[in-house]
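What follows is the residue order along each chain.
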Amino acid sequence: MISVGKSAIRIDAVAKVKGEALYPGDFNLPGQAHIKVLFSNRPHAIIHKVDTQAAEKVLGVLAILTAKDVPVNEYGLITADQPVLCGPGSNKPFADHVRFVGDQIALIIAETEEIAAKARDLIVVEFEDLPVITDVREAMHPGAFKIHPDRDSNIFGHYRIRKGNVQEGFERADVIIEGDYHTPAQEHAYLQPEAGVSYMDEEGRVTVVVAGQWTHEDRQQIAHSLNIPEERVRIIYPAIGGAFGGREDMSVQIILALASWTLHQRGINRPVKIVWSREESFIGHHKRHPYLIRTKWGATKEGKVIAAEVELIGDGGAYTYTSNKVLGNATLGCTGPYEIPNVKVDSYSVYTNTIANGAFRGFGGPQGAFVAENQMNKLAEALGMDPVELRLKNLLGEGSLLSVGTPLPKGVTIKEVVETCARRGGWQNIEGKWSRDTVTHRTMEKPFLRRGVGFACAFKNVGFSFGAPEQCQAKIELFGKKEIEKAVLYHSGAEVGQGAHTVFVQMAAEALGIDMEQVELIASDTAYTDDSGSVSASRMTFMAGNSIRGAAQAALENWKAEERPAVGVFQYRPPRTTSFDPETGKSEPNFAYGYVAECAEVEVDIETGEVRITRLVCADDVGKAVNPQQVQGQVEGAVVQAAGYALMENFIQKDGEVLTRGLSTYLIPTVLDIPEAVDSLILEYPDPIGPFGARGMGEMPFLPLTPAVIAAVHDAVGVWYDEFPLTSEHVFRGLKKTGLAL
């Protein structure tokens, strides 16, 4: 009864294909009311007055809630620095400030969405505009206007790494490459915008049916803002239309609960529903962090990288969200999967009056990999050395010390991953040296096209990092007489489209020695399931698998003791991690990693600047492919999303205003824009502590794509691009500077 390693059909496939699966926006309950939000649409201001008199007179309005109606008017995944509603009368200092256009000022609860929108437009807000700061370097200046007046600075995070002596390293270097890089914001663009319903259940709990990534964290933040015990809050996740980190921070969760709880307190027990428009979604939830990165790397003529100095500045936007955790990953990743003896890194998180930035697939890894891999490719060019050859001279191995001065956990496979990818990408190892035949840049039938090939690799954490508390719980009940007839698995882990619930059932069946069809899953409902932690950090298969195996073992022991039903409960805790030392950065940052390498082949049209990815090879060590088809789907989905990041997704904010407020102006890949061919190489080198050997992999294929594409474009046209997306206009401007543009 082997379940792990099989491409089992997803347990939610039929319901989703037939349109029977309910997403948050699909729920309609008897007697429900509707909510609209009044957003600030001001990047920085003080609210002196919110006049709701005219709005309250609109027929069909049930209630209008403002800052004074929030019991504890603050929230935040890491730091509670954001008001639930902005305005006067709040118990949170400076909650009368709005700091970006998506700050929420009022909730309008009405009989219909149309009535709520009409009333919203009648609310009059008296603003006092404040200086708008959107440039991180300006925000960092000691004399800059404080976006959060209760803080001493707009800098709210700073990490340092000091390993060896970089000055001596640069003195010994034969080649030094310096670079100034900029990475952009990115919108998650999931299919289901923010939506949900809330009601009081039969147990007197505020029940919120919503899309999220961590049920118990949602519950905790709602309970805090409402000032009620967590047991009075119930979170249910139905089908979720994508997440990619975009549902890790709050959007509609608290305001849904606030609306139903407040109505209940006023003697009105009716469900409430909200569905954001795409424009509301674009301004209302966080984005990927833009980064400014300045760096300097040195290498010997033999190809050994001996010094790296990096300054990273992450634009946190208006509030903290997960900025400092993202910064930690970027800080570790900015020197790549390489053993460099002399490293100096300074990294910063900075407040600005732009949309708050937070979790997005890769979580700081893409920004770090962008700078590290560009530097390696530029060093290879300066040394006259093949880029794969240079990497293999410097890659981390078992016992190698990271930039933070400690070794990687056992099971380091980046060398095997790079070699596998290189071979599939056309490289050969001849007499100990790696090389690839030169690409013909001009095709005779289309002289305006240039072809190029680029290579990049990366590594990334599996699980929470730098001392963050980490655990995952599971419960299994076994039913039957002599033989197990049915198993019920209780697990909170969210199904955000990646196939997690199918993998949960596969791993439970494997651990119990029964068929998948005998396993029933009850998931993502805090009334029945214990805390699993977030579906983020490529952690859920790893963490859930270990918790499920532990619960299965406990249940089987009780089954053998003839308990009926036999129940097993288990909480998995991985090896501890530690935070950066404030002076040196020394730490044990992660308990497991994933390793990935990619080779990109592109065509560049020198008449238009258009870049097209013709082939993408992705080698990814997943430890054990629990469901190979789903792993392939994750690879293909990640590289398409990364291709959008690299080539076309251009989220524009100017003076704090969002100019790209919909999918007509913010372009994401369609079927006509994706790589023509994706060659997914699924490698299985078991992780020593992973369940069945599995490593997390959902984020890994995203990381190296942009630098691989930029290297391929350089190979094609001889131009390095230090910022992206590589839109046709951006590429064409670079071509004009070289005189290559036709």
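For the structure, see preceding data.
A. Main features of the sheet that holds strand E6 (residues 124-129). Strand order across the open sheet formed by 3 strands is E4-E2-E6, with antiparallel pairing between neighbours. Two strands bound the open sheet, and with one partner strand each, they are strand E4 (97-98) and E6.

B. Focus on the nonpolar core. With 109 residues, the main nonpolar core has Trp297, Val418, Phe455, Leu705, Val709, Val713 and Leu726 as its most contacted residues. Among residues more than four places away in sequence, those in contact with valine 709 are Ala600, Val602, Ile613, Leu647 and Leu726. Core analysis: the second largest hydrophobic core is formed by 103 residues, Phe39, Ala67, Tyr75 and Leu512 among them.

C. Examining the sheet that holds strand E22 (residues 519-523) more closely. The 4 strands are arranged E22-E21-E20-E23 in an open sheet whose pairing can be described as mixed. Unpaired on one side and paired on the other, E22 and strand E23 (566-572) mark the two borders of the sheet. The average angle at which neighbouring strand axes cross in this sheet is 15°, direction not considered. In this sheet, E22 lies alongside strand E21 (residues 484-491) in parallel orientation, the contact comprising 5 bridges. Each bridged residue has a counterpart across the sheet, and for valine 488 the counterpart in E22 is glutamate 520. Seen against the sheet, helix H13 (residues 500-512) touches strand E20 (472-480), E21 and E22 and runs at an angle of roughly 135° to E22. The strands touched by helix H14 (residues 540-560) within the sheet are E20, E21 and E23, with E23 carrying the most contacts at an inclination of about 145°.

D. Focus on the packing of aromatic side chains. Applying the stated rule across the entire model yields 16 aromatic pairs. Aromatic side chains phenylalanine 370 and phenylalanine 724 sit 4.8 Å apart centroid to centroid with 65° between the ring planes, which places their arrangement in the edge-to-face category. With phenylalanine 370 in helix H10 (residues 365-383) and phenylalanine 724 in the loop between helix H16 (705-717) and helix H17 (728-738), this residue pair connects regions lying 354 residues apart in the sequence. Note on phenylalanine 651 and tyrosine 666: the rings are 5.8 Å apart at their centroids and 70° apart in plane angle, and the pair reads as edge-to-face. Linking phenylalanine 651 in the loop between helix H15 (628-647) and strand E26 (653-654) with tyrosine 666 in the loop between strand E27 (657-658) and strand E28 (678-683), this pair joins segments that are 15 residues apart in sequence. For arginine 288, the ring lying beneath its charged end belongs to phenylalanine 360, and the centroid distance is 4.1 Å. If you follow lysine 296 out to its NZ or CZ, it ends over the ring of phenylalanine 170, 4.4 Å from the centre.

E. Looking closely at the packing of H10 against helix H11 (residues 387-394). The contact between H10 and H11 brings their axes to 9 Å, and the two run at 115°. By the angle class used here, H10 and H11 are roughly perpendicular. Once H10 is placed against H11, the crossing between them reads as right-handed. Contacts between H10 and H11 pair Glu373, Met376, Asn377, Leu379, Ala380 and Leu383 from the former with Pro387, Leu390, Arg391 and Asn394 from the latter. In terms of residue class, the contact of H10 with H11 is built from 6 nonpolar, 2 polar and 2 charged.

Cut-offs and rules
- Note on numbering: residues in each chain are counted from 1, in written sequence order.
- Per-residue local features are limited, in this predicted model, to residues with pLDDT of at least 70; the limit for side-chain atom pairs, both in listing and counting, is 80 or more; totals at the level of whole chains, interfaces and linings are taken over all residues.
- Values reported for side chains reflect all heavy atoms of the structure, with hydrogen atoms and water molecules removed beforehand.
- Pairing between strands is defined by DSSP: at least two bridges between the two strands are required.
- A helix here means a DSSP run of H or I that spans at least four residues, while a strand means a run of E at least two residues long, and both kinds are numbered starting from the N terminus.
- Take the buried residues of types Ala, Val, Leu, Ile, Met, Phe, Trp, Tyr and Cys, join any two whose side-chain atoms come within 4.5 Å, and each joined set is a nonpolar core.
- For every residue, the accessible area (1.4 Å probe, protein chains only) is compared with the maximum for its type, and the residue is labelled buried under 20%, exposed over 50%, or partly exposed between those bounds.
- Any pair of residues with heavy atoms lying within 4.5 Å of one another is described as a contacting pair.
- Axis lines are fitted to C-alpha atoms, over the contacting stretch for helices. Their N-to-C directions set the angle, which ranges from 0 to 180 degrees.
- Two rings from Phe, Tyr or Trp (for Trp, the six-membered ring) form a pair when their centres are within 6.5 Å of each other. A pair whose planes differ by under 30 degrees is stacked, one over 60 is edge-to-face, and the rest are tilted.
- A ring has a charge above it when a Lys NZ or an Arg CZ is no more than 6 Å from the ring centre and no more than 35 degrees off the ring normal.
- Working definition: roughly parallel below 35 degrees, roughly antiparallel above 145 degrees, roughly perpendicular at 65 to 115 degrees, and oblique for all remaining angles.
- The crossing is said to be left-handed when, going from far helix to near helix, the turn is anticlockwise and less than a right angle, and right-handed when the turn is clockwise.
- Ten residue types, Ala, Val, Leu, Ile, Met, Phe, Trp, Tyr, Cys and Pro, are classed as nonpolar, four, Asp, Glu, Lys and Arg, as charged, and the remainder, Gly among them, as polar.

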